[in-house]
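# Coordinate inspection notes
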Number of protein chains: 2
Amino acid sequence: MKKQSGEQPLGVKEIARRANVAIATVDRVIHNRPGVSPKTKSKIEAIIRELNYQPNILARRLASRHVLRLATLLPKVSSEETDFWTLPVAGIQKAEEEIKQFGVKIEPYYFDLNNRKSFAKVAKQILKNPADGILLAPSFIEESVSFIRSCKELKIPYVFINSDIPQQESLCYIGPDLFRSGYQAGQLIHYCTPRDTRVLVLNVSHEIEDHHHLLRKEEGLRAYFANTARPIVKKDIQQTDPASIEKVLTKALQQHPDTRAVFVTNSRVAAVSRFLEKRARKNKDQNILLIGYDFTKENVSRLDQGHIDFLICQQPGEQGYRGIMALYQHLVMKVPVEKTHFMPIDIITKENHAFYI
Amino acid sequence: MKKQSGEQPLGVKEIARRANVAIATVDRVIHNRPGVSPKTKSKIEAIIRELNYQPNILARRLASRHVLRLATLLPKVSSEETDFWTLPVAGIQKAEEEIKQFGVKIEPYYFDLNNRKSFAKVAKQILKNPADGILLAPSFIEESVSFIRSCKELKIPYVFINSDIPQQESLCYIGPDLFRSGYQAGQLIHYCTPRDTRVLVLNVSHEIEDHHHLLRKEEGLRAYFANTARPIVKKDIQQTDPASIEKVLTKALQQHPDTRAVFVTNSRVAAVSRFLEKRARKNKDQNILLIGYDFTKENVSRLDQGHIDFLICQQPGEQGYRGIMALYQHLVMKVPVEKTHFMPIDIITKENHAFYI
DNA sequence: CTATCTTTCGGTAACGTACCCGGAAAAACG
DNA sequence: CGTTTTTCCGGGTACGTTACCGAAAGATAG
């Protein structure tokens, strides 16, 4: 079908005609470039507003000699620790695939989650040849704040992914609402275990990582049970090896034999499930509900085998995808983007994980 | 940053140069238009393959004088019955928003879910001025098959959304795996109610609608409990008014006082929740788990008030979005699309519904 | 008043593709 | 062999924007 001439996407040409100037002049005011007298500038601006001019993105990208560079600053995917970040990276690649035709290029940078310094080092590297936009996981708060200060000076927009640092004028935040996800865990425990049994909260993580995030989840869980008499106990496990987990857990369960639910506040739930499986073999009567976080390969495998009951996930792939798209929307399409994208709190079970991403 | 000359997106110009022909000739080959001798045609085709030529979509759409028309054939959103289809429609609009700059236009058609004939009528209307692609919900199997027969003759690609008719050479199917969603409901019931209590399956629907779909969900539920001794009973309610529901349910619960879970196989769960709420007020001891389908406004409201325990949802908005995008990918980008897009089986609760969609 | 610099603007060649138009060569016809 | 038809192909313009180059007008200095 031929293009309807009924509707009229008026372009620069029409603006130029109406303003009695050349196309080049219209272009100058559109891009806020110098070389236009205030008089003609305001005249052209008026006409642009009047026509509600929408630039043709296709023609713009086609004619533009620039390619937009977006940098990503994320944790390295370490197979031995957790492969959580593979999915966001995949989402980012999907986004790149979609928009690379429009002159967008992504430059990935990775830091080591076990090494604060590596973050600062890689961040400095990015600033050496600054990109037009940045997507970062602000795992280390102090270092991140220092980095984005530089970004602000250079007027480079940045978006936070997976964890937020509020009040930092980021373009937007894309990730979970940690508190509410803990609250959701509370509901599952409430539905699946007897009212008077104990809940064990487990923080399995090195000191270096953000305890703050884990605490928010715990707070959410406790909030759910705030008006009940449910006994809750919390244990920290600083070493992530099986032996340390076994030691702490054995003691905790001995101390609190009424425990019927374990809530692991991060993706290390697979390791916990190994211990509980072993214990259940010896100790047939006990059936403990196990809930944890994140759609890692190992967790899903343990879920599938029935050793984890629920995983709470927050669409990690989508987070990466949306992060890039938010920068794209802002830089290319120049449309305002929502400040906060809370991801859905997905409940993953043995029965539905096959359909998840 | 300037465009790198390092990488080379070779275009028609380069192909023409290498083949020693004019650009127009290359264009003819690319679009399989007549007027090229077999010799030169194969020569050009060889070069295209060799260079792995990827046309520049931007330039293509910019130069093209055609606008792609996509028709959607969906149930009318009826506020009094169920507003399920508002979300897919919203997803379709979002997709249109994204790709309308690329010369894609969507023409929506709606039929009445309570009237088979209206489907056929609207379908005929579409065929009067056929679009380039069609997205349809094949709610009435016979009528749909007849419609897509015409589409096949006209070589118009079509995609099914929300429910499938297998073996019909559709471009793809986008929607739920009904069986597995019922299976998932089984798991929730298993976790949340005592082992030996009864499960009541409820089909609340007019005769005219697809009972087949509801049956698949029931099969899934029964499959979950296949190797257990769990008592399951099924009731059909043909009239959707509160009185009919009350009548059937009162009788069923009297007959089976051991019922502790009710599984409603579609979005009419809100109506069921009203009855159960009333009953619980009189009859304080009984606490019955209620699980149903779909993220309708009413269901969410009942969920939020605590009268529904779980809703199983399948990202209705995403379904519409993906359906349009699949047609776009196929018609504009000419890339192959996956035959089956099973949507995730999302478990929605009072605690997480606020983050959904 | 002329020379030089600055500000302001217009003309126009790209970007990669689609497609119209007209012309040359080849084939068919008489 | 001349004429018509068909087949095959190249030239060139258009799509809406970007951005370079240089011209005209105005400002400043000598």
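Residues numbered from 1 in each chain as written. Chains lettered and ligands numbered in written order. Predicted model: local features only at pLDDT ≥ 70, side-chain atom pairs only at ≥ 80, totals over all residues. Heavy atoms only, no water.

### Quick notes on the overall build of chain A
- A count of helical and extended segments in chain A gives 13 helices and 12 strands.
- Against the globule reference of 21 Å for 357 residues, chain A gives a C-alpha radius of gyration of 26 Å, more extended than a compact globule.
- Along the first, second and third principal axes, the C-alpha set of chain A runs to 85 × 45 × 35 Å.
- Taking contacts inside chain A between residues at least 6 apart in sequence as the whole, the part at least 24 apart equals 72%.
- Considering chain A, the positive charge centre built from 52 side chains and the negative charge centre built from 40 side chains are found 6 Å apart. (Helix = DSSP H or I, 4+ residues; strand = E, 2+ residues; numbered from the N terminus. Rg over C-alpha atoms; globule rule 2.2 N^0.38 Å. Contact = heavy atoms within 4.5 Å. Lys, Arg positive; Asp, Glu negative; His and termini not counted. Charge placed at Lys NZ, Arg CZ, Asp CG, Glu CD.)

### Looking at the UniProt feature "domain: HTH lacI-type" (unreviewed entry) in chain A
- Listed under "domain: HTH lacI-type" (unreviewed entry) in the UniProt record, and renumbered for this structure, are residues 10-64 of chain A.
- With 67% helix and 0% strand, residues 10-64 of chain A has end C-alpha atoms that lie 20 Å from one another. (UniProt positions renumbered as here; feature names shortened; annotations may be inferred.)

### Regarding the interface of chain A and chain B
- Listed as interface residues are 41 residues of chain A and, on the opposing side, 42 residues of chain B.
- Both faces combined, the contact of chain A with chain B buries some 4000 Å², and carbon together with sulfur accounts for 59% of it.
- On inspection of chain A and its partner chain B, the count reaches zero salt bridges.
- Broken down by element, the residue count for the side of chain A that touches chain B peaks at seven residues, all from helix α8 (residues 178-192) of chain A.
- Counted by class, the side of chain A that touches chain B contains 22 nonpolar, nine polar and 10 charged residues. (Buried area = accessible area lost by both parts, 1.4 Å probe. Salt bridge = Lys/Arg side-chain N within 4 Å of Asp/Glu carboxyl O. Nonpolar A, V, L, I, M, F, W, Y, C, P; charged D, E, K, R; others polar.)

### Examining the sheet that holds strand β8 (residues 259-264) of chain A
Residue and element names in this part refer to chain A.
- A sheet is described by the order of its strands in space; here six strands give the open sequence β7-β6-β8-β9-β10-β12, paired in mixed fashion. In this open sheet, the two edge strands, each paired with only one partner strand, are β7 (232-237) and β12 (346-348). Each neighbouring strand pair of the sheet contributes to a mean axis angle of 20°, computed without reference to strand direction.
- Looking at chain direction, strand β6 (residues 198-204) and β8 are connected through five bridges and run parallel. Bridge assignment links Val201 to a residue of β8, and that residue is Phe263.
- Where helix α9 (residues 211-224) meets the sheet, it contacts β6, β7, β8 and β9 (289-293), and its direction lies at approximately 170° from that of β6. (Pairing = 2+ DSSP bridges. Axes fitted to C-alpha atoms, helices over the stretch in contact; angles between N-to-C directions.)

### Digging into the pairing of strand β9 (residues 289-293) of chain B
Residue and element names in this part refer to chain B.
- Counting buried positions along β9 gives five out of five residues, so the element sits mostly inside the fold.
- What you see with β9 is no split at all: Leu289, Ile291 and Tyr293 on one side and Leu290 and Gly292 on the other are buried throughout.
- Pairing geometry for strand β8 (residues 259-264) and β9, over three bridges, is parallel. Pairing of Phe263 across the sheet is with Ile291, part of β9.
- Where β9 lies against strand β10 (residues 310-313), three bridges are found, and the strand directions are parallel. Within β10, the position partnered with Tyr293 by the bridge is Ile312. (Buried < 20%, exposed > 50% of the residue type's maximum accessible area, 1.4 Å probe, protein only.)

### Quick notes on the protein's contact with DNA strand D
- Taken together, 28 residues sit near DNA strand D, with A:Asp27, A:His31, A:Arg60, B:Ala22 and B:Thr25 positioned nearest.
- Counting only the atoms of DNA strand D within 4 Å of the protein, the fraction contributed by sugar and phosphate is 67%.
- Note that a phosphate oxygen of DNA strand D is positioned 3.0 Å from one of the side-chain N or O atoms of A:Arg33. (Near = heavy atom within 4 Å. Polar contact = N/O pair within 3.5 Å; in protein donor to acceptor, adjacent residues only side chain to side chain.)

### Side note on the packing of aromatic side chains
- If you walk through the whole model with that rule in mind, you get 27 aromatic pairs over all chains.
- Here the aromatic rings of A:Phe111 and A:Phe119 are separated by 4.8 Å at their centres, their planes lie at 70°, and the arrangement is edge-to-face.
- The class of A:Phe119 is buried, set by a relative accessible area of 0%.
- Taken together, the ring pairs in this structure connect A:Phe102, A:Tyr328, B:Phe102 and B:Tyr328 into an aromatic cluster.
- The ring of A:Tyr321 has A:Lys94 lying over it, and the distance from NZ or CZ to the ring centre is 4.3 Å.
- Above the face of the B:Tyr293 ring, B:Lys217 is positioned so that its terminal group lies 3.8 Å from the ring centre. (Phe/Tyr/Trp six-rings, centres within 6.5 Å; stacked < 30°, edge-to-face > 60°. Lys NZ or Arg CZ within 6 Å of the ring centre and 35° of its normal.)

### As for the packing of helix α1 (residues 12-19) of chain A against helix α2 (residues 23-30) of chain A
Residues and elements named next belong to chain A.
- Interaxial distance between α1 and α2 falls to 8 Å at its minimum, and their mutual angle equals 105°. The angle between the axes of α1 and α2 places the two elements in the roughly perpendicular class. Where α1 abuts α2, its residues Val12, Lys13, Ile15 and Ala16 lie against Ile23, Val26 and Ile30. (Parallel < 35°, antiparallel > 145°, perpendicular 65-115°, else oblique.)

### Considerations on the relation of the copies chain A and chain B
- Between chain A and chain B, the superposition needs a rotation of 180° and an axial shift of 0.1 Å, giving an RMSD of 0.1 Å. Put plainly, the chains are arranged around a two-fold axis.
- The overlap is high: 100% of the interface residues of chain A also sit at the interface in chain B, so the same surface is used on both sides. (Least-squares fit on C-alpha atoms with pLDDT ≥ 70 in both.)

### Describing helix α5 (residues 86-99) of chain A
Residues and elements named next belong to chain A.
- Compared with the 20 Å implied by 1.5 Å per residue over 14 residues, the 20 Å span of α5 between its first and last C-alpha is a close match.
- Here α5 has its buried residues at Pro88, Val89, Gly91, Ile92, Ala95 and Ile99. For α5, the buried positions fall inside an angular range of 160° around the axis, keeping them on one side.
- Of the surrounding elements, those touching the buried residues of α5 are β1 (68-75), β2 (104-111), β3 (133-136) and α13 (316-333). (Expected span 1.5 Å × (residues − 1). Arc of directions from axis to C-beta.)

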